[in-house]
Amino acid sequence: MKIVADKPKMLTETPLHYCPGCTHGIVHRLVAEALEELGKVDGAIGVVPVGCSVFGYKYFRCDVFEAAHGRAPAVASAIRRVVNPDNLIFTYQGDGDLASIGMAETVHACTRGENITIIFINNGIYGMTGGQMAPTTMPGEKATTCIYGRDPKVNGNPIHMCEMLATLTGPAYIERVSCYDVPHVNKAKAAIKKAFQVQMEKKGLSFIEVVANCPTNYHQTPLESMQFVKEKGCSFYPLGVFKDITKEDK
Amino acid sequence: MKKLWKGNEAIAEAAVAAGCRYFFGYPITPQNEIPEYLSWRLPEVGGAFIQAESEVSAINMLYGAAGAGARAMTSSSSPGISLKQEGISYIAAAELPCVIVNMMRSGPGLGGIQPAQGDYFQATKGGGHGDYHPIVFAPSSIQEFVDLTYGAFDVADKYRTPVMIIGDGMLGQMMEPAEIPPMRDLKTLPDKNDWAACGHSDGRPRIINSLRIEPDELEAFNEHLFKKYEEITKNETRYEDYLTSDAEIVFVAYGSVARICKAAIVELRAQGIKAGLIRPITLYPYPTEIIAKLAKCDKVKKFVTVEMSMGQMVEDVRLAVNGLKPVEFYGRSGGNVMMPGDLVKYVKEGK
């Protein structure tokens, strides 16, 4: 029998703990595939967050740091100083981690222009702790700490990270993607691969936001949650490239 | 060759000599000369300095650098050290060797910028969440700053644990002659390839982690940590014994306060009062044994703990004395420093 598709070698045999229908598994795979195709698995260093992907160190077959909540960009900045410049370094963070408690670390690693890649999973909710409001929860979207839906007058406004970070000098490449259908999964992979390439060329910080889902805490079926991401998520958080110095160079 | 060094700069150069190549810090008085010095000095020796966006970031950068196998350091002063506590707990739990300097100022809150010793509890009892202790060195001269900083990296590596060096604003700012030991050859530093996550390609990922979600796994880890602390207590406890062999009154003091006590002891002895001093050099592990031994001596009438705080180390002295002799406390706080004459008066008049 001919094998036409297989698990990337960079992913371990440990079964993923993610809920059925969650797109973390897809993005893990895309990161692994991109690194394998670029020949950068050897020497790669991951920094995983606190949140649903806290167990990332069990899944990626490379050296991994489990960072304190929100601090992955600071941890990665220091690793960048210590290791060989050719070692590829990526952080993998959720919205509570990156855009709330770790906002200072995110903004400052970006503005310093650290030669690292940040993979940002934005599903607009605190998944692991049970569905509380995130910094990216959309107006009207329900969460356990805004049970009638986020009211900007009461709960404040959500944050658009790509748009904000694109105002900084440091980042080299910023793109927002999603994984709600196959064409978008393919686009997301191309974006992640480009982000790693930017790092390999020592051009500075690359930042990929994935508009993702959380069927469990949205109280939706996996399919409904994908539809929600497509219709609501991606219209509030428009997909596209927000910064690309490789284009500006030309 | 001895040179005149400012305390903070002496620590910085001693760290470089010890092989420290990475420093992450955030400005706060009275420790600023450490980051300032290392910002130009580390690049000279092939290292790197980052002025972090906060103390929280700086301690997590230390986590990254130490986890990648480098000799690395951060420094701050009391309110900044409070911000680092979460990271120190993670560093202890991930068993990462590194050095943290606290040049204490007066508190609580924003407090003041004058010298104090109000962070004793925070330094020695863990400071952050969970069951752990950093090793805590308390130098009392600039030469001792140098020597303990130089040795701290080896101790940290030996036990894979954070080491904290605590001074105070007075020691950080004053100048004394001191000799910096020779530059360590980096090739002679301990090999960390077995565990450090610096980007391996041998198919065996190195994981730097403090998450242990299974209760039995975490309990076993905590027992492992405390076995390590037992070993540290056995091997690393240090103190100075100053004239206690015939002492009736035993002062217990550390850091700059110990020097004030020595001056008071000289004066008291000139007046016929036999006083001595135990100066803990390690605050964790604490020199409990020598204090317990002195408490059993008939000659010793009482202990007087002297601190620039409202009384923190005095609790460890009481635990060591265990009710055998009175344990008194003399303290100044808010950034005030006692004079030797204050201690002479206290011993003679009880106030």
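These figures come from a predicted structure and were not determined experimentally.

Asker: Describe the overall build of chain B, and please don't skip the residues or the numbers.
Answerer: What chain B contains, in helices and strands, is 12 helices and 15 strands. For 351 residues, the compact-globule formula gives about 20 Å, and the C-alpha radius of gyration of chain B, at 20 Å, lands near that figure. For chain B, with 351 residues in total, the buried portion stands at 59%. Taking the contacts inside chain B whose residues are at least 6 apart along the sequence as the reference set, 79% of them involve residues at least 24 apart. Here chain B has roughly 13,600 Å² of accessible surface; of this, 53% comes from carbon and sulfur atoms. Put simply, chain B has 37 plus and 43 minus side-chain charges, and the middle of one group is 5 Å from the middle of the other.

Asker: Could you give an account of the pattern of salt bridges, with specific residues and numbers?
Answerer: Enumeration according to the criterion identifies 34 salt bridges over all chains in this entry. Note that E53 of chain B is salt-bridged to R112 of chain A, the shortest N-O span being 2.8 Å. Placement of the pair is E53 of chain B in the loop between β3 (48-51) and α3 (55-67) and R112 of chain A in helix α5 (residues 103-112), with the two residues belonging to separate chains. One connected set of salt bridges, linked through shared partners, spans R29, E33, E37, K189 and K193 of chain A.

Asker: Tell me what's going on with the side chain of K84 of chain B, and back it up with residues and numbers.
Answerer: Residues and elements named next belong to chain B. Within the element layout of this structure, K84 appears in helix α4 (residues 78-93). Among buried Asp, Glu, Lys and Arg side chains, K84 stands out as unpaired, with E55 the closest opposite charge at 6.2 Å. Beyond its immediate sequence surroundings of up to four residues, K84 is in contact with E55, A58, I59, T74, S75 and S76.

Asker: How would you sum up the environment of I28 of chain B? Please name residues and give values.
Answerer: Residues and elements named next belong to chain B. Topologically, I28 is positioned in the loop between β2 (22-25) and α2 (33-44). A C-alpha to C-alpha distance of 24 Å links I28 and E44, two positions 16 residues apart in sequence. With near-sequence residues (within four places) excluded, I28 lies in contact with E55, S76, S77, P79, G80 and R105.

Quick notes on the rules
- Counting starts from 1 at the beginning of each chain's written sequence and moves along it residue by residue.
- Working convention: letters from A go to chains and numbers from 1 go to ligands, in the order in which they are written.
- Predicted model: local features are reported for residues with pLDDT of at least 70 only, side-chain atom pairs are reported and counted for 80 or more only, and whole-chain, interface and lining totals are derived from all residues.
- Remark: hydrogens and water are excluded; side-chain values derive from all non-hydrogen atoms of the structure.
- Numbering of helices and strands runs from the N terminus, with a helix taken as a DSSP run of H or I at least four residues long and a strand as a DSSP run of E at least two residues long.
- All radius of gyration figures rest on C-alpha atoms, and the globule criterion is 2.2 Å times the number of residues raised to 0.38.
- Think of it in three bands: residues with accessible area under 20% of the maximum for their type are buried, residues over 50% are exposed, and the middle band is partly exposed, with areas taken using a 1.4 Å probe on protein chains only.
- Contacts: residue pairs with any heavy atoms within 4.5 Å of one another.
- Exposure was quantified through the Shrake-Rupley algorithm and a 1.4 Å probe, taking into account, for residues, occlusion by the shown protein chains and nothing else.
- Think of it this way: Lys and Arg go in the positive column, Asp and Glu in the negative one, and His and the chain ends go nowhere.
- By convention, the charge on Lys lies at NZ, on Arg at CZ, on Asp at CG and on Glu at CD.
- For salt bridges, the criterion is a side-chain nitrogen of Lys or Arg within 4 Å of an Asp or Glu carboxyl oxygen.

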